[in-house]
Amino acid sequence: MTDVVDADELLRRMHRARACALEEGRSWRARSEALRSTDPEGSKEAAVRTVAYEAVLRVLDEVLTPGRNADRRSPAD
């Protein structure tokens, strides 16, 4: 990637990435719940993907609004 982008464009891209991560997390969570009774292994895989998107969402939240999720941090932080 050789495009130079200004701060506003970078911020817009991060907001779009956050919206995408939020939607994907919801989608995988719904899939996990739907598969729970019929495909436990598929449900487990979907749950793992849900956790991954939640992690991405937490990182983007911290970048976009520092300290916003301070109350959600683990005691080890």
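Higher on the page you've got the structure.
Just so it is clear, the model here is predicted, and its values are computed rather than measured.

### A short note on the overall build of the protein chain
For the protein chain, the helix and strand inventory stands at 2 helices and 0 strands. Residue burial in the protein chain is summarised as follows: out of 77 residues, 19% are buried.

### What about the pattern of salt bridges?
Enumeration over the complete set of coordinates arrives at 6 salt bridges. As a salt-bridge pair, Arg 12 and Glu 9 come within 3.0 Å of each other at their nearest N and O atoms. Of this pair, Arg 12 and Glu 9 both sit in helix α1 (residues 7–35), 3 residues apart, which is roughly one turn of the helix. We classify Arg 12 as partly exposed; its relative accessible area is 43%.

### Here's the deal with the packing of α1 against helix α2 (residues 40–64)
For the pair α1 and α2, the least separation of the axes is 8 Å and the interaxial angle reads 155°. As judged from the angle between their axes, α1 and α2 are roughly antiparallel. Along this stretch, α1 crosses α2, giving a crossing that reads as left-handed. When its residues are assigned to classes, the contact of α1 with α2 shows 16 nonpolar, 6 polar and 7 charged.

### Details of the environment of Gly 42
Among the secondary structure elements, Gly 42 is positioned in helix α2. The spacing of Gly 42 and Ser 32 is 10 residues in sequence and 7.2 Å in space, taken between C-alpha atoms.

### With respect to the side chain of Thr 50
Relative to the elements of secondary structure, Thr 50 occurs in helix α2. Among the polar contacts listed, one links the side chain of Thr 50 to the backbone oxygen of Ala 46, at a separation of 2.9 Å. With sequence-adjacent residues up to four places away left out, Thr 50 is seen in contact with Gly 25, Trp 28 and Arg 29.

### Quick notes on the side chain of Ser 32
Secondary-structure assignment places Ser 32 in helix α1. Other than its neighbours up to four places away in sequence, Ser 32 contacts Ser 43, Ala 46 and Ala 47.

### Observations regarding α2
The first and last C-alpha atoms of α2 sit 36 Å apart over 25 residues, in line with the 36 Å expected at 1.5 Å per residue. Residues of α2 that are buried: Gly 42, Ser 43, Ala 46, Thr 50, Leu 57, Leu 60, Asp 61 and Leu 64.

### Topic: α1
For α1, built from 29 residues, the straight-helix expectation of 42 Å at 1.5 Å per residue is met to within 8% by its first-to-last C-alpha distance of 42 Å. Within α1, burial applies to Glu 9, Arg 18, Ala 21, Gly 25, Trp 28 and Ser 32. Against α2 lie the buried residues of α1.

Reading the values: the criteria
- Residues numbered from 1 in each chain as written.
- Predicted model: local features only at pLDDT ≥ 70, side-chain atom pairs only at ≥ 80, totals over all residues.
- Heavy atoms only, no water.
- Helix = DSSP H or I, 4+ residues; strand = E, 2+ residues; numbered from the N terminus.
- Buried < 20%, exposed > 50% of the residue type's maximum accessible area, 1.4 Å probe, protein only.
- Salt bridge = Lys/Arg side-chain N within 4 Å of Asp/Glu carboxyl O.
- Axes fitted to C-alpha atoms, helices over the stretch in contact; angles between N-to-C directions.
- Parallel < 35°, antiparallel > 145°, perpendicular 65-115°, else oblique.
- Left-handed = near helix turned anticlockwise from the far one by under 90°.
- Nonpolar A, V, L, I, M, F, W, Y, C, P; charged D, E, K, R; others polar.
- Polar contact = N/O pair within 3.5 Å; in protein donor to acceptor, adjacent residues only side chain to side chain.
- Contact = heavy atoms within 4.5 Å.
- Expected span 1.5 Å × (residues − 1).

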